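Chain by chain, the residues:
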Amino acid sequence: MQSIPSQARVVIIGGGIVGCSVAYHLAKRGCSDVLLLERKQLTCGTTWHAAGLVGQLRATLNLTRLAQYTTQLYEGLERETGQATGFRQVGSIAVAANDARFEELKRGASMARSFGLEVQILSPGAARERWPLLAADDLVGAVFLPKDGQTNPVDTTQALAKGARSGGVRIAENVKVTGIRTHGGRVTGVATEQDEVRAEVVVNCAGMWAREVGGWANVAVPLHAAEHFYIVTQPIAGLRSGLPILRDADACSYFKEDAGKLLVGWFEPQAKPWGEAGIPEGFAFDQLPADLTHIEPLFASAMHRVPILEQAGVQVFFNGPESFTPDDRYLLGEAPEMRGLYVAAGFNSIGIQSAGGAGKVLADWIIDGHPPFDLWDVDIRRCMPFQRNRRYLRERTVETLGLLYAMHWPYRQAESARGVRRSALHDRLAAAGACFGEVAGFERPNWFAAAGTEPRYEYSYGRQNWFGQAAAEHQAVREQVGLFDQSSFAKFALKGADAARALGRICANDVDVPPGRIVYTQWLNERGGIEADLTVTREAEDAYLIVTACATQTRDFSWLCRHLPAEARAVALDVSSAYAVLGLMGPRSRELLATLTDADLSNAAFPFGTSRIMDLGYARVRASRITYVGELGYELYIPTEFAQSVFDVIVGAGGPFGLRLGGYHAMNSLRMEKAYRHWGHDISDEDTPLEAGLQFAVAWDKPGGFIGRELLLRQRESGARRRLVAVALERTDRFLYHNEPIWRNGELVGRITSGMFGHTVGASLGLGYVANGGAPMDPAWVAAGKYEVEVAAERVSARISLRPFYDPESERVRC
Ligand SMILES: Cc1cc2nc3c(=O)[nH]c(=O)nc-3n(C[C@H](O)[C@H](O)[C@H](O)COP(=O)(O)OP(=O)(O)OC[C@H]3O[C@@H](n4cnc5c(N)ncnc54)[C@H](O)[C@@H]3O)c2cc1C
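Residues numbered from 1 in each chain as written. Predicted model: local features only at pLDDT ≥ 70, side-chain atom pairs only at ≥ 80, totals over all residues. Heavy atoms only, no water.

### With respect to the confidence of the model for the protein
What counts, and what does not: Confidence scores here are pLDDT values: one per residue, from the predictor, ranging 0 to 100. Numbering of helices and strands starts at the N terminus; helices are DSSP runs of H or I of at least 4 residues and strands are runs of E of at least 2.
In this model, the protein carries an average pLDDT of 97, and 100% of its residues clear a pLDDT of 70 or more. Of all secondary-structure elements in the protein, the lowest mean pLDDT belongs to helix α3 (residues 99-113), at 94, while strand β12 (residues 201-204) reaches the highest, 99.

### Remarks on the sheet that holds strand β30 (residues 611-616)
Stated formally: Strands are treated as partners if at least two bridges between them are detected by DSSP. Axes here refer to lines fitted to C-alpha atoms; in helices the fit is confined to the stretch in contact. Angles between the N-to-C directions go from 0 to 180 degrees.
Pairing in this open sheet of six strands is mixed, and the strands run β30-β31-β32-β29-β23-β33 from one edge to the other. Each edge of the open sheet is held by one strand with a lone partner, namely β30 and β33 (659-662). Here the strands of the sheet are splayed against their neighbours by 30° on average, with no regard to which way each runs. Examined bridge by bridge, strand β23 (residues 481-485) and strand β29 (residues 579-585) share four bridges and lie antiparallel to one another. The residue bridging aspartate 485 from the neighbouring strand is leucine 582, located in β29.

### Observations regarding the layout of surface pockets
If you roll a probe as big as a water molecule over the atoms, it shows you where there is empty space left. Put simply, the test is: Here a cavity denotes a set of grid points, spaced 1 Å apart and computed over the protein atoms alone, in which a 1.4 Å probe fits but from which it cannot get out, and a pocket denotes an open set meeting protein on both sides within 12 Å along at least five of seven lines; residues with an atom within 4 Å of a point are reported as lining. Grid points are joined across faces, edges and corners, and a volume is the space filled by probe spheres set on the points. Classification convention: Asp, Glu, Lys, Arg as charged; Ala, Val, Leu, Ile, Met, Phe, Trp, Tyr, Cys, Pro as nonpolar; all other residues, Gly among them, as polar.
Volume-wise, the second largest pocket comes out at about 500 Å³. Lining the second largest pocket are 25 residues; nearest its centre among them are Glu334, Arg339, Gly369, His370 and Arg562. Every element with two or more residues in the lining of the second largest pocket is listed here: α8 (351-368) and α13 (553-563). Counting residues per element, the lining of the second largest pocket draws most heavily on α13, at four residues. Here the lining of the second largest pocket is built from residues that sort into nine nonpolar, six polar and 10 charged.

### Notes on empty space enclosed by the protein
All told, the structure shown has two cavities of 30 Å³ or more when counted by the stated rule. The volume enclosed by the largest cavity comes to roughly 80 Å³. In terms of lining residues, the largest cavity is bounded by 14 residues, among which Trp466, Phe467, Phe735, Met756 and Phe757 are the most central. Only α11 (467-479), α16 (664-673) and β36 (747-758) provide two or more residues apiece to the lining of the largest cavity. Grouping the amino acids of the lining of the largest cavity by side-chain chemistry returns eight nonpolar, five polar and one charged. Put simply, the second largest cavity is a space of about 30 Å³. Lining the second largest cavity are Phe229, Tyr230, Ile231, Ala290, Asp291, Leu292, Ile295, Phe317 and Phe318. Counting only elements with at least two residues in the lining of the second largest cavity, the list comes to β13 (224-233), α7 (292-305) and β18 (314-324).

### A closer look at the packing of aromatic side chains
Worth spelling out the cut-off: Two aromatic rings, drawn from Phe, Tyr or Trp (for Trp, its six-membered ring), form a pair once their centres lie within 6.5 Å of each other, and the interplanar angle then sorts them: stacked below 30 degrees, edge-to-face above 60, tilted otherwise. Exposed residues in this analysis have more than 50% of their type's maximum accessible area, buried residues have under 20%, and partly exposed residues fall in between, with area computed by a 1.4 Å probe over protein chains only.
The full count for this structure, using the stated rule, is 26 aromatic pairs. Aromatic side chains tryptophan 48 and phenylalanine 318 sit 5.7 Å apart centroid to centroid with 80° between the ring planes, which places their arrangement in the edge-to-face category. Placement of tryptophan 48 in the loop between β2 (34-37) and β3 (53-54) and of phenylalanine 318 in strand β18 is noted, with a sequence separation of 270 residues between them. Judged by relative accessible area, which is 5%, phenylalanine 318 ranks as buried. Ring centres 4.9 Å apart and planes at 20° place the aromatic pair tyrosine 230 and phenylalanine 318 in the stacked group. With tyrosine 230 in strand β13 and phenylalanine 318 in strand β18, this pair connects stretches of sequence that are 88 residues apart.

### So, unusual backbone geometry
Positioned with a positive phi, phenylalanine 285 is a non-glycine residue whose angle comes to about 50°. Here phenylalanine 285 shows up in the loop between β17 (273-274) and α7. Despite not being glycine, asparagine 348 shows a phi value in the positive range, around 50°. Structurally, the position occupied by asparagine 348 is in the loop between β20 (341-345) and α8.

### Some thoughts on the site of the ligand
The condition is simple: Throughout, the term near means that a residue has one or more heavy atoms lying within 4 Å of the molecule or strand in question. Under the rule applied, a polar contact is a pair of N or O atoms within 3.5 Å (in protein, one hydrogen donor and one hydrogen acceptor; residues adjacent in sequence only if both atoms are side-chain atoms). Reported accessibility uses the Shrake-Rupley method at a 1.4 Å probe radius. Residues are deemed covered only where the shown protein chains occlude them.
In the neighbourhood of the ligand, 37 residues make up the surrounding shell, with Glu38, Thr47, Leu53, Glu322 and Gln353 lying closest. Here an oxygen atom of the ligand sits 2.7 Å away from a polar atom, N or O, in the main chain of leucine 53. Between an oxygen atom of the ligand and a main-chain N or O atom of glutamine 353, the distance comes to 2.8 Å. Considering the ligand on its own, with 1000 Å² of exposed area, one finds that the protein chains cover 98% of that surface. Those elements giving two or more residues to the shell around the ligand turn out to be α1 (17-28), β13, β18 and α8. Taken together, the residues that form the shell around the ligand break down as 19 nonpolar, 14 polar and four charged.

### With respect to the pairing of strand β4 (residues 92-96)
The element β4 is extensively covered by neighbouring structure, given that five of its five residues are classed as buried. The side-chain alternation of β4 yields two buried faces, one formed by Ser92, Ala94 and Ala96 and the other by Ile93 and Val95. Bridge analysis of β4 against strand β6 (residues 141-145) gives five bridges, and the strand direction is antiparallel. Across the sheet, residue alanine 94 finds its bridge partner in β6, namely valine 143. Note: β4 against strand β14 (residues 245-248), four bridges, orientation parallel.

### A word on the sheet that holds strand β25 (residues 518-524)
Put simply, the rule is: Residues count as neighbours in contact if any of their non-hydrogen atoms are within 4.5 Å of one another.
With respect to topology, five strands assemble into an open sheet ordered β25-β26-β27-β24-β28, the strand pairing being antiparallel. This sheet does not close on itself; its edge strands, each paired only once, are β25 and β28 (571-574). Taking each pair of neighbouring strands and ignoring which way they run, the sheet shows an average axis angle of 30°. Bridge analysis of strand β24 (residues 490-495) against strand β27 (residues 543-548) gives six bridges, and the strand direction is antiparallel. Note that in β27 the partner of leucine 494 across the bridge is tyrosine 544. Helix-sheet contacts for α13 involve β24, β25, β26 (530-540), β27 and β28, and the interaxial angle to β28 is about 170°.

### Some details on the pattern of salt bridges
The test is simple: Salt-bridge detection follows one rule: a side-chain nitrogen of Lys or Arg within 4 Å of a carboxyl oxygen of Asp or Glu.
Here the structure, examined in full by the defined rule, presents 55 salt bridges. Between glutamate 227 and lysine 272 there is a salt bridge, with the nearest N and O atoms lying 3.6 Å from each other. A residue pair is termed long-range when its members are at least 10 positions apart, and glutamate 227 in strand β13 and lysine 272 in the loop between β16 (261-266) and β17 qualify at 45 residues. Look at glutamate 227 and you get buried, because its relative accessible area is 9%. The class for lysine 272 is partly exposed, based on a relative accessible area of 24%. The network of salt bridges with common partners includes Glu103, Arg107, Arg731, Asp733, Arg734, Glu740 and Glu794.

### Thoughts on the environment of valine 651
Secondary-structure assignment places valine 651 in helix α15 (residues 643-654). Judged by relative accessible area, valine 651 falls into the partly exposed class, the value being 36%. The spacing of valine 651 and arginine 723 is 72 residues in sequence and 42 Å in space, taken between C-alpha atoms.

Right under this line is the structure:
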């Protein structure tokens, strides 16, 4: 055992590639008072046995950027540290055996190329030229990334550790951390088998142990180990050295040439969770028993793609555990439950290729107190407390390993561990034909199947089977009235004599309004970036109801609590489960509601942007005139136990008004026509209200100011350098999802952030940012361009507008 200091600014738990990368990058930023504690030896957990593939193309722009950085880092690490890494930039080829897979690859290629990642689209023949042992006859195409590589995970980790040590970091092996010390919601240090170590910051990089380690501080780190299999062949005569990595996702297989042999690994659709009763105490450089029955069918598909495997003998059958998260994205950032406790874990089989980027941005996050750019995809604040549940994790893990190579269909829904959180109306909606999607464990109707048909997705990149149903739901809302179950909304109560003052600092808009008023507002960070996008209803002088999206429940509540001044007489409570929410939306919503309440619903008595408690059926509900679909409508906040009776009276009365149940796909189409922004896609903590076109919701001169005002004032002075615009494709057979490049007069000027077909406008719509090479944005410049959007490597003409395509004056909302 090495002796360890009693104090360090940062303690890192875990000496895998991720812990070492965090240490390395902290040192690079000049933070050298860092102690890394490893219970056994560096790399002894999952890192040592990784296949070492270092790919760059990920599902989203920022994750691709991080993987790209990793490649650049590994490329120079040996030069920098003198420690060999085994990194070789051999490139990679991903092949497609069907049109849908090729579309997926081409969409990724378009996204990657738009920010300078080298990528080529290949014919099957060209792929075979680069990989001569490939059976290419049944292929449709391929994508080649010349800068992808492979590395030796142990040596690369040692190089990162060496770099960290030379920057002043202390690394102690054979020191097991046994507890996390906290006080008043902050970490204060760790307990180890030797001594206690005081620390301002503790970083949980404990790989598949990270859930247990987080649990010591009551922090949810939802991950579960699964078995991951590969084989290494005997030497294969004629196998060319330096072959690119080969991925055949349709065969669940990857292939890596190494020293004249092939390493072949799999991401199979039904994985084997491991370690549910805990990781054995002595686990170090261990492997799990081979399971030939499990890999036999996988082996057969690999042989189909690379027939020489039929003759090659197998030298190694390898099976090792790796941790997986419920949504297949890693967990990064400061835990919402505990200040100073950071997490970098759950790498879903891409920890080697992600470690460089993840370590860098986490070091920035620790030192600067915020992420360097939008990292919502992997931010640990997306997790819900229930996701620590072991049964949930075990069941979901069966599916998540395979998702790595499964088709990443638009709107794809998880198939395992479903039905976790259900609205009070769930059974009624199911009986009406709802096809549910899941967000943060919450089952929400995405669309309603026609009578006699199955509420089941048939996925594609084009019109999916629900297109017509969602169109009819959309039309009902535009022309008559629709009913949405929006119970999954997160709701927070803020009460107390100082509530208005404290909330006023947090909100960019003015929330010191008379009781009964609703305010649409953003919460900004000091950099002017949008941390949250929500509505605030003043219920009384000293009481607010804050409503936000289901997906951001943890994040937004944590932001609220952390920004209430300690001395403020105000208390925040998460009341999400207390209320069901129904959205009654459409031009006939008032008429319908009038049959169920004696409240005065006239525009004069109950205008847009106000909220009332009223009788409805046998209940008392809060009705708020607000909309996310761009029509006259009411959000009804109903104490949960009244939800069913209220739903029944509305549906019972709805027939004569053309009432139709609506799902989230229709809602998305409706909001897209109105260019209503969606936090997490169109707006994030790196976008300001000026860039997002939301300055109408900024109360510049309200008393007391607000967080982010100074930055925003400067930006208003100098002019925003990018602007969110509404986009409509000229073709109706192509669909926008995210990250599609936007071209103006043949020059790349931006990307799509979200997309959906607009049934009233009759076009494939999207929102996205455009920029004029760093010049202040000028509406005339936006209007003057000729635009195209690149969809799967093909450019499609588009119209662009600074205003919504539907009802730009919002007359229908206010009528
Ligand atoms: C078979 C296989 C092949 C793979 N191939 C690839 C690939 O080709 N490319 C790729 O990108 N990824 C690959 N991966 C995934 C990759 O190996 C992992 O994502 C990565 O190694 C995770 O690194 P880590 O640092 O998070 O975890 P680990 O390497 O497991 O490190 C965690 C460390 O924490 C230590 N620890 C735990 N608890 C404590 C405690 N209480 N006190 C002190 N220390 C503690 C452990 O001993 C361990 O060393 C593969 C994984 C497997 C299983």
